[in-house]
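# Coordinate inspection notes
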Amino acid sequence: MSASTVSASAPETKPLTVVGGGLVGSLLALYLAQQGHTVDVYERRPDPRRSGNVEGRSINLALSDRGWRALRGVGIEEAVREVAIPLYRRVMHDQRGQLTMQPYGHDGQAIYSVSRAGLNQRLLDLVDREPRVKVLFDQQCRRVDLRNRTLEMFDGAAETSHVIPYQHLFGTDGAYSSVRAAMQKTDRFNYSQHYLNYGYKELTIAAGDAGSWAIEKNTLHIWPRGQYMMIALPNLDGSFNCTLFFPYEGPYSFATLQTPEQVRRFFEEVFSDAVPLMPELEQEFFENPTSSLVTVRCYPWSVTDEVLLLGDASHAIVPFYGQGMNAGFEDCTILQQLMESHGSDWLAIFQEFQQQRKPNADAMADLAVYNFEEMRDRVADPRFLLQKKIESK
Ligand code: FAD
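Residues numbered from 1 in each chain as written. Predicted model: local features only at pLDDT ≥ 70, side-chain atom pairs only at ≥ 80, totals over all residues.

Burial along strand β8 (residues 133–136) is one-sided: the face carrying Val133 and Val135 is buried and the face carrying Lys134 and Leu136 is not. Where strand β2 (residues 39–42) lies against β8, four bridges are found, and the strand directions are parallel. Pairing of tyrosine 42 across the sheet is with leucine 136, part of β8. (Buried ≥ 20, exposed ≤ 12 C-beta atoms within 10 Å, placed from the backbone. Helix = DSSP H or I, 4+ residues; strand = E, 2+ residues; numbered from the N terminus. Pairing = 2+ DSSP bridges.)

Shown next, in the form of structure tokens:
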């Protein structure tokens, strides 16, 4: 079904309200529009396509099967594939620069590297083509009044606040959700957040000559080092986005790398084959933020027929299983199935949605933490996995 095709279920007379126009919010808007609803999306940031604003960095994400299925559901799989690079295997770099590999599957099976900013912009372009959806940028939700069904929005451009009513509200405003914050004050709402003692920093392997890839392109590269690791995913322009997952404290940690000399010495020792490809290493290390890694669990995800949380707002997980966005996209697939079977009975849709999704989200959260140990440590251990030696560069 294409994004402009409308399903048979009776559309709402008033627009549905979505807070958060990130990856999940923009895809959700397409799904709601496909059901014939009009949708207003409120996004805190300015339009990233106009401001060029990606908050100083863009993480690369691995898009996998459950994500593709969700994109296919609104007919945008091919448009996204244009900005994605298939990764057929992971390659581990040991301390001496020796490489070992593990394929991700058989017969061309792959996960795909996409830039978070690039994907968000592509989704917003696709949303623009959907006349039922209006995206309002620079609109930060500051407060949700559940009793009166209103939102207090701060307009970043005008620097003023205003109150808007809503009928049905979808919270897709990420791990630090303002919609969830209002639900946290309601009776019997369970909530927990857990931070790893690790943070992450984005770094870059530069493009090779004439936009070529300096290391193997269709590959997720890992430098597993036991207590920490670096990974790299390819970009379309020949560069790689590297992410260093590193302890906040301890002998090898962000706390001990305080000067450019310390950073260079450390990288030359432990990531020897990557350093020559990272011309802006020291600058990026000190300019790019160190970001934290959080798991958020909560329940319920809905308030009557009034509010539903989706994506990281309800289930933020650490990135090591590569499934946070994919799970958020899958939320949209499941919601669509429930809209098909329950029409506009939002109470039934929201209830069944959270009952179906919560066990999956919890399992994913556990697997994500487990996979950190796997990636930073066990992928480098020949006792655990069958590895095929490949030529070192
Ligand atoms: P977000 O992407 O956080 O979007 C929320 C949106 O809401 C943003 O646009 C924000 O500006 C807006 N917003 C926030 N507050 C407000 C407010 N008060 N009012 C209005 N708007 C608001 N997932 C994968 O599937 N594969 C991966 O390989 C992967 N790698 C990752 C690597 C790292 C280092 C990290 C940190 C995450 C990774 N993830 C990965 C997870 C993925 O990034 C998230 O799961 C995904 O971005 C969640 O999408 P979302 O739309 O729910 O939330």
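Moving on from the coordinates now.
In the sheet, strand β5 (residues 89–93) pairs with strand β6 (residues 99–103) via five bridges, with the strands oriented antiparallel. By the bridge assignment for β6, histidine 93 is matched with leucine 99. Hairpin connection between β5 and β6: a loop of five residues separates the two successive antiparallel strands, and glycine 97 in this loop has a positive phi of roughly 90°.

Attention now goes to the packing of helix α10 (residues 324–342) against helix α11 (residues 346–376). Running from N to C, α10 and α11 point in directions that differ by 155°, and their axes come no closer than 10 Å. Taken as axis vectors, α10 and α11 run roughly antiparallel relative to one another. Note that α10 runs across α11; the crossing there is right-handed. Where α10 approaches α11, its residues Ala327, Asp331, Ile334, Leu335, Leu338, Met339 and His342 are matched on the opposing element by Ala348, Ile349, Glu352, Phe353, Gln356, Arg357, Ala361 and Met364. Tallied by class, residues from the contact of α10 with α11 come to ten nonpolar, two polar and three charged. (Axes fitted to C-alpha atoms, helices over the stretch in contact; angles between N-to-C directions. Parallel < 35°, antiparallel > 145°, perpendicular 65-115°, else oblique. Left-handed = near helix turned anticlockwise from the far one by under 90°. Contact = placed C-beta atoms within 7 Å. Nonpolar A, V, L, I, M, F, W, Y, C, P; charged D, E, K, R; others polar.)

For the protein chain, the assigned domains read domain 1 (16–84 + 115–193 + 295–374) and domain 2 (194–292 + 377–390). Computed from C-alpha coordinates alone, the two centres of domain 1 and domain 2 are separated by 30 Å. Each side of the interface is counted separately: domain 1 has 13 residues, and domain 2 has twelve residues. For the side of domain 1 that touches domain 2, the secondary-structure elements that each account for two or more residues are β3 (60–63), β13 (190–205) and α11. Partitioning the side of domain 1 that touches domain 2 into residue classes produces four nonpolar, six polar and three charged. (Domains from an automatic or database assignment.)

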